[in-house]
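Topology and contacts: notes
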Amino acid sequence: MPKTNPQARERIVAGAADMISRRGLSATSIREMAKHAKAPLGSTYHYFPEGKQQLATEAVRYTGEWVARSLRKELEKGPAAGLQAFLALWRKIVVDTDFRAGCPVLAVAIEEPPTDEIPPALAAAADVFDQWESLLADSLRAHGAEAEQAAQIATLIVSSVEGTVAMCRAKRTIEPLDRVADQLQGLINHVTGT
């Protein structure tokens, strides 16, 4: 058996996240995710013995934490800076991939579960959305928004940005993200008094 190599494992997870962001979960096999990450299939099964669902779950969590790190850093400057970082991150992904990639968390979230049970990847997507909303809501509250208003606006931000990323891919233009950015920025300025 191969030794555990955190960098190899992370490369496989990052490659899976990228592949899912482009093709969705159902249209992506574990073999394709391994190939995309330039990893041997055997190593992929070594790190993810439960297969595709385990790898997809890790890819969702990886993306969630990657975005959360950026949000945490920028939210130190306030909710407007956090919003701008969130928007810039997705803008870069959409533009740099020529509208071929979006958010792997959303890609997993919109797929129909194969059974009546909630698959681990779908539960991870829900946790990631909760995390992003909590980070934004905390910052909004810290800058003058009331608790319920902050929670509502945080949900609006995450859902708006995720939805417009999908629209940008479909329309092959960044215009929907720009429109939403202006409105969300105005809303944040209004509730924080800036």
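So, a few notes on the structure that sits alongside this text. (Residues numbered from 1 in each chain as written. Predicted model: local features only at pLDDT ≥ 70, side-chain atom pairs only at ≥ 80, totals over all residues. Heavy atoms only, no water.)

**A short note on the packing of aromatic side chains**
Tallied over the full model, the rule gives 5 aromatic pairs. On the numbers, 5.6 Å between centres and 70° between planes, the contact of Phe86 with Trp132 is edge-to-face. Linking Phe86 in helix H5 (residues 79-96) with Trp132 in helix H7 (residues 120-142), this pair joins segments that are 46 residues apart in sequence. The pair Phe86 / Trp132 is uniform in exposure class, with both members buried. Among the aromatic residues, those joined into a cluster by ring pairs are Phe86, Trp90, Phe129 and Trp132. (Phe/Tyr/Trp six-rings, centres within 6.5 Å; stacked < 30°, edge-to-face > 60°. Helix = DSSP H or I, 4+ residues; strand = E, 2+ residues; numbered from the N terminus. Buried < 20%, exposed > 50% of the residue type's maximum accessible area, 1.4 Å probe, protein only.)

**A look at the environment of Ala147**
If you trace the backbone, Ala147 turns up in helix H8 (residues 147-171). Between the C-alpha atoms of Ala147 and Ala137, which are 10 residues apart in sequence, the distance is 7.6 Å.

**Considering the pattern of salt bridges**
Overall, the coordinates contain 12 salt bridges when judged by the stated rule. A salt bridge links Arg72 to Glu65, with the nearest nitrogen and oxygen atoms 2.8 Å apart. Since its relative accessible area comes to 35%, Arg72 is described here as partly exposed. With a closest N to O distance of 2.7 Å, Arg179 and Glu175 form a salt bridge. Residue Arg179 and its partner Glu175 are both found in helix H9 (residues 175-192); the two are separated by 4 residues, about one turn of the helix. (Salt bridge = Lys/Arg side-chain N within 4 Å of Asp/Glu carboxyl O.)

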